[in-house]
Each structure stands twice: as C-alpha cells, then as structure tokens.
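These are the residues of each chain, in order.
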Amino acid sequence: MQQAQILSTPTRLRPGARWERFQRRYAPYIFISPFFILFAIFGLFPIVFSAYLSLHEWQPAAGLGSMKFVGLRNFTDNLTDPTFWQSLKNTGIIALESGIPQHVIAIPLAFAIHMGLKRVKGLMTALYFLPYITSVVAISVIFVTIFSWQYGVLNVLLTWLHHIPLIGGLFPAEKVNWLGNRAFVQPAVASVVVWRYVGWNVVLYLSGLQAINGDLYEAAAVDGATTFQQFRSITLPLLRPIMFVAITLTLIGNLQLFEEPYIIAGDSGGIGNVALTTVMYMYRTYNFYSDAGLAAAMSWLLFVLIGVLTLINNRVFGKSRLSGAD
Amino acid sequence: MSRAAALLLLGLGALITVLPFYFMFVFATHSRAEIFNLPPPTWFGDNSAANYTNLLGKVPFWRNLWNSLYLAGLSTMTTLFFCSLAGYAFAMYNFKYREALFGIVLATLLIPSALNIVPFALIMQAFGWIDQPRALWVPGMASAFGIFLMRQYIGSAIPKELVEAARIDGTSEFGIYRRIIVPLCGPALATLGLITFINSWNNFLGPLIIFRSVETFTAPLALRSIQGLVNTDWGALMFGVALTVVPLLVVFAFASRQLIEGLTSGALKG
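How each quantity is defined
Residues numbered from 1 in each chain as written. Chains lettered and ligands numbered in written order. Predicted model: local features only at pLDDT ≥ 70, side-chain atom pairs only at ≥ 80, totals over all residues. Heavy atoms only, no water. Helix = DSSP H or I, 4+ residues; strand = E, 2+ residues; numbered from the N terminus. Rg over C-alpha atoms; globule rule 2.2 N^0.38 Å. Buried < 20%, exposed > 50% of the residue type's maximum accessible area, 1.4 Å probe, protein only. Areas by Shrake-Rupley, 256 points an atom, 1.4 Å probe, with all protein chains shown as cover. Lys, Arg positive; Asp, Glu negative; His and termini not counted. Charge placed at Lys NZ, Arg CZ, Asp CG, Glu CD. Contact = heavy atoms within 4.5 Å. Axes fitted to C-alpha atoms, helices over the stretch in contact; angles between N-to-C directions. Parallel < 35°, antiparallel > 145°, perpendicular 65-115°, else oblique. Nonpolar A, V, L, I, M, F, W, Y, C, P; charged D, E, K, R; others polar. Buried area = accessible area lost by both parts, 1.4 Å probe. Salt bridge = Lys/Arg side-chain N within 4 Å of Asp/Glu carboxyl O. Polar contact = N/O pair within 3.5 Å; in protein donor to acceptor, adjacent residues only side chain to side chain. UniProt positions renumbered as here; feature names shortened; annotations may be inferred. Domains from an automatic or database assignment. Patch = residues over 30% accessible without salt bridge, like charges linked within 9 Å, V, L, I, M, F, W, Y side chains within 5 Å.

A look at the overall build of chain A
For chain A, the helix and strand inventory stands at 14 helices and two strands. Relative to the compact-globule value of 20 Å for 326 residues, chain A shows a C-alpha radius of gyration of 27 Å, a clear excess of over 25%. On the principal axes, the C-alpha backbone points of chain A span a range of 95 × 75 × 35 Å. Looking at chain A as a whole, 50% of its 326 residues qualify as buried. Working note: accessible area of chain A is about 16,200 Å², and carbon and sulfur atoms make up 67% of it. Taking the average location of the 21 positive side-chain charges in chain A and that of its 14 negative ones, the two points are 12 Å from each other.

Quick notes on the overall build of chain B
Helix and strand counts for chain B stand at 14 helices and zero strands. Reading chain B from its N end, one meets helices and strands in the order α-α-α-α-α-α-α-α-α-α-α-α-α-α. Its C-alpha atoms give chain B principal-axis dimensions of about 75 × 65 × 35 Å. In chain B, which comprises 270 residues, the share counted as buried stands at 54%. Restricting to contacts in chain B with at least 6 residues of sequence separation, those with at least 24 account for 73%. Entry remark: accessible area of chain B is about 12,000 Å², with carbon and sulfur atoms responsible for 66%. The distance from the centre of the 16 positive side-chain charges to the centre of the 11 negative ones in chain B is 5 Å.

Describing the packing of helix H10 (residues 173-184) of chain B against helix H11 (residues 186-202) of chain B
Any two packed helices are characterised by how steeply their axes cross, that is the angle between the axes, and by the distance between the axes. Residue and element names in this part refer to chain B. Running from N to C, H10 and H11 point in directions that differ by 70 degrees, and their axes come no closer than 5 Å. With respect to each other, H10 and H11 are oriented roughly perpendicular. In this structure, H10 contributes Val182, Pro183 and Leu184 to the contact, and H11 contributes Gly186, Pro187 and Leu189. Residue composition of the contact of H10 with H11, grouped by class: five nonpolar, one polar and no charged.

Here we look at the interface of chain B and chain A
On the chain A side, the residues contacting the 88 residues of chain B number 82 residues. In this assembly, chain B packs against chain A so that about 7,400 Å² is buried in total across both faces, 81% of it on carbon and sulfur atoms. Sorting the residues of chain B by area buried against chain A places Leu10(B), Leu115(B) and Leu122(B) first, and these three jointly supply 9% of that buried surface. Between Glu173(B) and Arg24(A) there is a salt bridge, and its shortest N-O distance comes to 3.9 Å. In this assembly, chain B and chain A are joined by 12 residue pairs in polar contact (both at pLDDT 80 or more). Residues that form the side of chain B that touches chain A fall into these classes: 68 nonpolar, 14 polar and six charged.

Quick notes on the UniProt feature "transmembrane region" (unreviewed entry) in chain A
Residue and element names in this part refer to chain A. Following the UniProt record, the feature "transmembrane region" (unreviewed entry) maps to residues 26-49, 93-113, 125-147, 153-173, 238-258 and 292-312 here. End C-alpha atoms of residues 26-49 are separated by 31 Å, and the span's content is 100% helix alongside 0% strand. End C-alpha atoms of residues 292-312 are separated by 30 Å, and the span's content is 100% helix alongside 0% strand.

Describing the domain arrangement of chain A
In many analyses, interface size is given as the accessible surface area lost on bringing the parts together. All names here are of chain A. Examined at the domain level, chain A breaks down into domain 1 (13-69) and domain 2 (74-325). On the domain 2 side, the residues contacting the 10 residues of domain 1 number 12 residues. Summing the contributions of domain 1 and of domain 2, the shared interface buries around 780 Å²; its carbon and sulfur component is 57%. For domain 1, the biggest contributors to the area lost against domain 2 are Ser54, Gln59 and Pro60; these three give 46% of the whole. Counting every contact that joins domain 1 to domain 2 gives zero salt bridges. For the interface between domain 1 and domain 2, the tally reads four residue pairs in polar contact (both at pLDDT 80 or more). For the side of domain 1 that touches domain 2, the element with the most residues is helix H2 (residues 17-53), which contributes four residues. Here the side of domain 1 that touches domain 2 is composed, by residue class, of six nonpolar, four polar and no charged.

Side note on the side chain of Thr171(B)
Residues and elements named next belong to chain B. One can find Thr171 in the loop between helix H9 (160-168) and H10. In terms of polar contacts, Thr171 uses its side chain to reach the backbone carbonyl oxygen of Ala166, at 2.9 Å. Discounting chain neighbours no more than four positions away, the residues touching Thr171 are Ala166, Ile176 and Arg179.

Observations concerning the pattern of salt bridges
The tally for this structure, following the rule as stated, stands at eight salt bridges over all chains. Measuring nitrogen to oxygen at the nearest pair gives 3.2 Å for the salt bridge that ties Arg98(B) to Glu99(B). Its relative accessible area of 18% is what places Arg98(B) among the buried residues. The structure contains a network of salt bridges with shared partners spanning Arg24(A), Glu164(B), Arg167(B) and Glu173(B).

Describing the environment of Glu261(B)
Inspection of the secondary structure assignment puts Glu261(B) in helix H14 (residues 234-269). With 17 residues separating them in the primary sequence, Glu261(B) and Thr244(B) have C-alpha atoms 25 Å apart.

A look at a nonpolar patch on the surface
All names here are of chain A. Nonpolar side chains collect at one region of the surface, where Phe303, Val304, Val308, Ile312 and Val316 lie side by side and expose about 410 Å² of accessible area between them. Along the chain, the position of Phe303 falls in helix H14 (residues 292-325). With relative accessibility at 32%, the residue Phe303 sits in the partly exposed group.

Here you go:
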C-alpha cells in the first residue's frame, strides 16, 4: 500500500501522466458507447414503446394526443381474431415445412462434403451458400416464374419426368397450379426457404464437423463400422451442440418469415390467405388498417410464442448438449 | 461406390441450387411473351436491350441501385469502425462491468426483429426520417454480431503484449487501435464487411417501411414495385433482378472462401 503511494508520487509530477491514466480508464467505455447509444435509441426504446403501445388504441395519423389506454383489449382482440390464428397456423406450417427439410438435407450434405470430398469442398460449399447471399426479393421473383402454372419451368420439368419410363409414375401427369391452389402455396413458399437456407446450415454443420476428432472415425473404421454407422454413432451425437445453435436460428428466423411469402404469394397472403404469415399480418394491421396498438400487441404475442418454442428447444437439445460436452 | 453416390447427390443438389440463377440470366434476355411460352426458354435470347429500356421506363433503376450502394456502403464503413472499436475494448481491456456489458450485447442478438417493426416505423415518422436514407444507416452503424465477431478475432489473434508495448512507448489508446489493431484485423474486417454489405444490399422490410417515393427506393424495392403492377413486364423485371444480383455474385466469386471461413470460425469459437 505504502509502496504504491511512493510509486505514484513521481508520476503525478509528469504532466501527461494523469491524462494517460484517465484515458486508459475511460477509453473502453468510450469505445463501446456507440453501440449502446444506438441500441438505447433504436433497440431498447422501441421495445419499451411497443409494450406501452400494445396497451393503447392509436391511429398514428391522428397524432400522439389521440392515444387511448385500453388495457389488454388489443391482446384479447388479437386472440379472438380468426385471421390472427390463421396467420399463426400458416406461420407454423410453413416454418415446419421449411425448417425440418433444411436440417435433414444439410446434415448429411455437410457430412458427405466433410468425409469424402475434400477436393471439391470449397466449391461445393460456395455453390450451396450462393442462395443465402442473394436478395430474397430477386430470388422470389425468379421462383414466381418458375412456379407459373401453364408455362413455368418446374411444371415443364415435371411433365418431362413423367414421360420417362419406370420412374415416370412418381411425377404428376397434370400440371400443378403451385400458386393458385390452396394445397400447394405453403409447400411452394417453404421450398424457396429451404433452397435459400440449406447452404447456410451446411456451413454451420461443417464448422461443427471440423471440431470432431478424426481419430474417432479411424477407430470406428478399424472396428468395422460402416460409414452409416459412423454417421449415426459418432457424427450425430457430437454434432448436437451445433444442431442446437442451427435449430435455434431456424426457429427464430422461420417464425418471422415475411419476404418470401410476401413476394411469392403477394401481399394479400395468396389464395385463401394460406401464405399470410403473422409478421405479414402485423405489417398489414399497421400499414393498411393503421392500428398501431393492435399491431404492437400482435408482435408481443409472436414474441411470447418464439420465446416458448425457444425454451422447449432448449429443453430438448440444450440438455443433451451438456451431456454431449462431458 | 458410396463415394460416387455421394458425389452424384452433391452434384444434383448443386444443380438445383444453381439452376434458378441460370434461369434468372436467361429470362433477363427474353421478352415477357417468350418467358411465358411453351416450352420456356432454356437459352439466352436477344431481347436484353428492350428489357433494359423498359426497365428504365418504369423506375429510375440506376438511381435505385445507387441508393442501395449508398446505404450498404455507409452502413458497412460505420459498422466496421464502431464494431472493431468495441471489439477491441471488450478483448483488450479489463474494466468494470465488462462481462455484464458484453452479456447485454449478446442478449440483443436474441430479440426478434418483428418486435421492432411498428415502433421503428413510428419513431422514424416522429423524427421526420421517412424517405430519408439515414433512417436505415444510422441505426445500422453498429451491430451486436459485429462486436461479437471482432472481439473473438482480436482476442485470439492479437497478443496483449503488443498492446502493452505500444502503451509503454506512449501511444494513446485510440492510437493503439488505429496503428495496431486495425492493421492486424484484416480477415475479420473483411468477413464482417461482406456480411454487413450483403445484408444491407438485400434488406427489404426496412426500406419498405421507410421509403415512399420511387426516387428513394432501393433496388429490391424498385423490383417489387414493378412486380406489383397489373401487367408485369417480366422481361424488364428479370433484367432488373440480374442487375441487382450481379454485383453480389461478383463479390462472392472473389470472397466466398474468406466469407465462409470467417463465418465458420466465428461460429466455432463462440
């Protein structure tokens, strides 16, 4: 203690020293402050404001004075609105139809790239990643023409496949009205989402695979395990931590789908509203019905749903993640 | 045998992935009538010039592309600066509440963006920033993901002794950032820059809320406005789509390795 005092005495005499100490102590706070200032204004405040808003009836065009406290009415209004429930159902179905295939395709794909194809690894990963970096709007526009009923490339291809002997029976004889038939709109939207995110997941899973010790595979091969057995008993269990991350990201992203259904099925939500997702409905409520309070309440309901599903996912994958790490 | 099967499946998957891009470029060279012909065109046509003229007749597309570039460029530069600065602070200093503050940064990643849509629109309305590009680039000046990425990189790639040595030599704290951290952060800055640029270039919902007049539209918004017309000129639209996507494809062709490696190592070290 005394020594420190003695040491600090001469530094006090040097003119620049105090400034040096001062800036060393406060520099980190100054360096991180831009993010926190931005977050306070554009992140935290909007969330608090949106919570406040969800308890009020408000048409933004009428000015702040017209805000009226209505308690939980916006929430009960949403929960008794059949269209809101339909939008949730649509979101859930599209999220499942696009979420499950994404991972079912990406995991074996990443495994195949990692195990046997080191030479084409870079090229393959880049190709599969390509849709992820491309504008959803651009891609969705292309898919609208590809899905087109009478003249779309997809239907032409399917018809052509139908005429091949032996496997032809697997493909439809009639042209499918992808965007004009209730039953096919959701799978059509989901397939675009799958197409877009498989590469992203492949990259995630490749990073997970690289972390698995190669000796394990060698030992298993010596014991006579087939590639499939190695995949099942080594790769899948050890991939769990990264699966948890990837599935969490898919869950959060898929429950907030907006652009793909908006462009492919149109802002009306497509035939019979089957592609109207909750975020689309929220945007409509705010933008066209100018009901800011109702839209804010809707976003909180969606937030709760995302939170609950994330927790469940945490229970299912998060726990085994711990045991996997041990 | 199984290797050949794997290669075949991978190749087929890659084909499905790339085919829509191929049709995008093929359709960009055909008229609307040709695109919706039976069978659809599978090779390039000769209608590009007309598509280009029609596109410019509908929207000021070069202006829209410039708007996208302006927004993406500004967000990228500011994000690189502020995120590397914050990443440096989190990686190289011991300060009070460091862990808690970094925890807050990470927690913000989990907030669903849907929660923000309505208040974001209202705040921008209140600021009078509707139809102003700053409504998008100012909030986009720093990102939690960027801080996370930069901290991981700086913490693992730059030795603390280097910073200490510079400090003893009398370099100021910001001087250390500028003369030591930034020059050594090349790979991480490149990855973060690419991600930020791509995300901004492809952003749709933000511009949809902010921009009202076609002069301020970004490229994706302009494309959407053409598609919304009753009699969509699909040839012109496809030409616009191709013009929007080509810069990204070029950048990606040069930087895909860097981008993917940066992303995977960032995910791994988390």
